[in-house]
Amino acid sequence: EPEVTQTPSHQVTQMGQEVILRCVPISNHLYFYWYRQILGQKVEFLVSFYNNEISEKSEIFDDQFSVERPDGSNFTLKIRSTKLEDSAMYFCASSDRGFNEQFFGPGTRLTVL
Amino acid sequence: AQSVTQLDSQVPVFEEAPVELRCNYSSSVSVYLFWYVQYPNQGLQLLLKYLSGSTLVKGINGFEAEFNKSQTSFHLRKPSVHISDTAEYFCAVARSGTYKYIFGTGTRLKVLA
């Protein structure tokens, strides 16, 4: 069964450093998403991406964040200068159609020290 | 603004007993509704979805949910739970015209022997 994969599973970084979280969505999917879950809190939408551009983003997704689909398979989330409050589990998701179910990856736990 | 409420943060229930996890949403437009399960240290797995059609939807692992438009609810039910159902359950709503999910705060289901 096809699945969304994410690397790394755990990333530890120093405050102010740049991090790139990587995702490989399901191959025939066209819509891609990033969500985050701060420990003990609910899952929050960050950004959606379709046709090589951002289709929607939340207030959390400020200038420190960017997304890219550098090739036909990867989908990345970059945080330019990490803050302590960026520590969270980051989930990538993809869907074949915009309104259909989203398939989530296992997540990357980001720890900012 | 759209919101999703899961009133019960924790639900303890004995094995083989029935369970209902409640989800209410606020939206003035059509919505798509989803229930996801998150096992410890894992990602989100879709249990079931409502896009249109029959208001009673059946999902995996014996779960079902009923969409009630007048009460803006989408409660999740299972007639007989197993120890293996112990997990966190998230209700998610996507408003028609946008593809981002708004998640509830989650309900931790603990099945007791």
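Bear in mind the structure is a predicted one, so any value in this text is a computation, not a measurement.

(A) Examining the state of the cysteines more closely. The full count for this structure, using the stated rule, is 2 disulfides over all chains. One disulfide bridge connects Cys23(A) with Cys92(A), the sulfur atoms lying 1.9 Å from each other. Disulfide Cys23(A) to Cys92(A): torsion about the S-S bond roughly -65 degrees, handedness left-handed. Within this pair, whereas Cys23(A) is found in strand E3 (residues 19-24), its partner Cys92(A) is found in strand E9 (residues 88-95), the two being separated by 69 residues in sequence. Across the disulfide from Cys23(B) sits Cys91(B); the S-S distance is 1.9 Å. Its S-S torsion of about -65 degrees marks the bond between Cys23(B) and Cys91(B) as left-handed, since a negative value means left-handed. Here Cys91(B) lies in strand E10 (residues 87-95) and Cys23(B) lies in the loop between strand E3 (19-21) and strand E4 (24-26), a separation of 68 residues in the sequence. Judged by its relative accessible area of 0%, Cys23(B) falls in the buried class. Assessed through its relative accessible area of 0%, Cys91(B) is described here as buried.

(B) Quick look at the interface of chain A and chain B. On the side of chain B, 18 residues touch chain A, which itself brings 17 residues to the contact. Across the interface of chain A and chain B, roughly 1,700 Å² is buried in total on both sides, 58% from carbon and sulfur atoms. Here chain A and chain B share 2 salt bridges between them. Linking Glu56(A) and Lys100(B) is a salt bridge whose minimum nitrogen-to-oxygen distance equals 3.8 Å. Put simply, chain A and chain B have 8 residue pairs in polar contact (both at pLDDT 80 or more) between them. Contributing elements (two or more residues each) for the side of chain A that touches chain B: strand E4 (31-37) and strand E5 (43-50) of chain A. No other element matches E4(A), which puts 4 residues into the side of chain A that touches chain B. Taken together, the residues of the side of chain A that touches chain B break down into 9 nonpolar, 5 polar and 3 charged.

Here is what the cut-offs are and how they apply
Residues numbered from 1 in each chain as written. Chains lettered and ligands numbered in written order. Predicted model: local features only at pLDDT ≥ 70, side-chain atom pairs only at ≥ 80, totals over all residues. Heavy atoms only, no water. Disulfide = S-S within 2.5 Å. Helix = DSSP H or I, 4+ residues; strand = E, 2+ residues; numbered from the N terminus. Buried < 20%, exposed > 50% of the residue type's maximum accessible area, 1.4 Å probe, protein only. Contact = heavy atoms within 4.5 Å. Buried area = accessible area lost by both parts, 1.4 Å probe. Salt bridge = Lys/Arg side-chain N within 4 Å of Asp/Glu carboxyl O. Polar contact = N/O pair within 3.5 Å; in protein donor to acceptor, adjacent residues only side chain to side chain. Nonpolar A, V, L, I, M, F, W, Y, C, P; charged D, E, K, R; others polar.

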